[in-house]
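Listed here are the chains, written in short residue letters.
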Amino acid sequence: MSGEAPAQALRALLEAGGDAWPGPIEHHGVLGSTNDRLKDWARQGAPALAAVLADVQEAGRGRLGRSWTSPPGNLYLSVLLRPEPGQVGLVPLLGGVATSSALAALGAQVLLKWPNDVLVGERKLAGVLAEASSGARGVEWVVLGIGVNVDPQGALPEHATSLREATGRVISPLAVAAAVLAQIRLWYHALASGRTTDLLAAWRERSIPWWGRLVEARVGDQLIRGIATDIDDEGALLLALPDGRSVRVISGEVSRVRLASGDGAAPRSRSD
Ligand code: BT5
């Protein structure tokens with residue numbers, strides 16, 4: 001079932017903040033997945049910055065076939081982006097920067113964990129899932145899906161936290177949506193005008209300071225261990241191997257990244 005009223009309320013919130021939203025917004029009470037709904041809409045020609053929200057997801061998805069627990073009380077949001085070729089790898093980082101900036105402004109002490117986790121301490125407050133569709137001319141669009149635990153009315157996985165737990169405040173999912181959308185628009189515009197270095201700088205500023213530390217990344221059935229040196233300008237994580245080589249780890253392929261047991265400086269991150 002879909003309804004006009006929450007979409008209109010969201011538009012009004014954005015307008016009141018000086019951030020009128022240029023795309024169509026669709027709201028649903030219950031959906032399988034906001035990403036799936038927006039992908040269907042994109043195939044039927046939805047414009048850039050079309051957005052889909054749901055109160056509940058029955059088949060919320062994470063990366064690599066994992067599920068995203070989606071009880072009522074949280075934010076489930078997807079936005080359609082049409083980035084330039086070569087910028088697609090930056091969309092997960094855009095989602096992370098936009099979401100973490102919005103949540104920080106709402107009072108949460110968040111850090112980004114490459115490629116897509118928004119953490120408070122070691123607990124996951126929000127996740128980002130970017131899904132691209134390619135045609136003859138390369139990537140045609142990317143659906144950027146964002147899930148934020150706001151004030152969940154149901155159980156979450158063990159290492160999750162919520163905005164309510166992190167800030168002690170009850171904030172409506174629509175207010176969180178408005179804050180996140182305003183940031184997405186800002187950073188999408190930055191990307192479209194070629195300001196990728198600003199986006200990368202914002203991501204580095206908000207990221208867990210892993211640089212110089214021993215990190216392990218699981219890519220398929222391969223475990224890569226190396227010193228985290230940086231992210232490159234396409235959003236890949238750069239690891240320096242013991243033999244001096246540098247490897248690029250690509251966000252779409254990696255199932256888990258964490259500090260390696262031999263790092264010695266701090267406990268491992270427990271989230272995926
Ligand atoms: C993500 O995947 O973190 C991306 C999550 C994206 C969800 C949004 S909601 C709107 C849109 N529509 C969708 O269907 N999806 C997007 P990943 O890095 O693979 O993390 C998934 C892992 O996070 C799971 O295996 C659990 O361990 C954990 N997890 C599941 N639900 C969670 C929740 N609500 N809060 C915190 N952690 C959760």
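Per chain, residue numbering runs from 1 following the sequence as it is written. Only residues with pLDDT of at least 70 are given local features in this predicted model, and only at 80 or more are side-chain atom pairs given and counted; all residues enter the totals for whole chains, interfaces and linings. Side-chain numbers here rest on the full set of heavy atoms in the structure, without hydrogens or water.

(A) The arrangement of the packing of helix α3 (residues 91-105) against helix α5 (residues 173-192) in detail. Here the axes come from fitting lines to C-alpha atoms, over the contacting stretch only for helices, and the angles between their N-to-C directions go from 0 to 180 degrees. Elements are defined by DSSP. Helices are runs of H or I of four residues or more, strands are runs of E of two residues or more, and each kind is numbered from the N terminus. In contact at an axis separation of 8 Å, α3 and α5 are set at 135° when each is read in the N-to-C sense. Classified by the angle between their axes, α3 and α5 sit oblique to one another. Considering the relative orientation of α3 and α5, their crossing is right-handed. Contact with α3, carried on its side by Leu94, Val97, Ala98, Thr99, Ser101, Ala102 and Leu103, involves Val176, Ala179, Val180, Gln183, Ile184, Trp187, Tyr188 and Leu191 of α5 and no other residues of that element. Angles below 35 degrees are treated as roughly parallel, those above 145 as roughly antiparallel, those between 65 and 115 as roughly perpendicular, and all remaining angles as oblique. Crossing handedness: left-handed means the near helix sits turned counterclockwise from the far one by under a right angle, and right-handed means the same turn made clockwise. Here, two residues are considered to be in contact whenever any of their heavy atoms come within 4.5 Å of each other.

(B) Examining the environment of Asp233 more closely. Examined against the element boundaries, Asp233 turns out to sit in the loop between β10 (222-231) and β11 (237-240). Spatially, the C-alpha atoms of Asp233 and Thr99 are 20 Å apart, while their sequence positions differ by 134 residues. Residue contacts for Asp233: discarding those within four places in its chain leaves Leu90 and Leu200.

(C) Expanded view of the pattern of salt bridges. Here, a salt bridge means any side-chain nitrogen of Lys or Arg that lies within 4 Å of a carboxyl oxygen of Asp or Glu. By the definition in use, this model includes 14 salt bridges. Between Arg61 and Glu131 there is a salt bridge, with its nearest N and O atoms 2.8 Å apart. Taken together, the positions of Arg61 in the loop between β3 (51-57) and β4 (75-81) and Glu131 in strand β7 (residues 123-135) put the pair 70 residues apart, joining distant regions of the chain. Remark: exposure states derive from per-residue accessible area (1.4 Å probe, protein chains only) relative to the maximum for the residue type, with buried under 20%, exposed over 50%, and partly exposed in between. Here Glu131 falls in the buried class, since its relative accessible area comes to 15%. As a salt-bridge pair, Asp151 and Arg164 come within 3.4 Å of each other at their nearest N and O atoms. Residue Asp151 is located in the loop between β8 (138-148) and α4 (163-167), and its partner Arg164 is located in helix α4; the two are separated by 13 residues in the primary sequence. Given the relative accessible area of 40%, Arg164 is considered partly exposed. Where salt bridges share partners, they join Asp36, Lys39, Arg61 and Glu131 into one cluster.

(D) Examining the confidence of the model for the protein more closely. A residue-level look at the protein finds 96% of positions with pLDDT of 70 or above and a mean pLDDT of 93. Note on scores: pLDDT gives the predictor's confidence for each residue, bounded by 0 and 100. Note that pLDDT drops below 50 for residues 266-271; the model gives that stretch 19 contacts with residues more than four away or on any other chain.

(E) Structural context of the site of the ligand. Close contacts around the ligand come from 29 residues, with Ser33, Arg61, Arg63, Arg66 and Lys124 the closest. Contacts described as polar in this section are N or O atom pairs within 3.5 Å, which, within protein, must combine one atom able to donate a hydrogen with one able to accept it, while residues neighboring in sequence count only if both atoms come from side chains. One nitrogen or oxygen atom from the main chain of Thr69 is found 2.9 Å from a nitrogen atom belonging to the ligand. Asn116 has a polar side-chain atom sitting 3.4 Å from an oxygen atom of the ligand. The Shrake-Rupley method, run with a 1.4 Å probe, gives the accessible areas here. Residue values count only the displayed protein chains as cover. When the free accessible area of the ligand is taken as 790 Å², the share hidden by the protein chains comes to 92%. Among the secondary structure elements, those contributing two or more residues to the shell around the ligand are α2 (34-43), β4, β7 and β8. Near, as used in this document, describes a residue that has one of its heavy atoms within 4 Å of the molecule or strand being considered.

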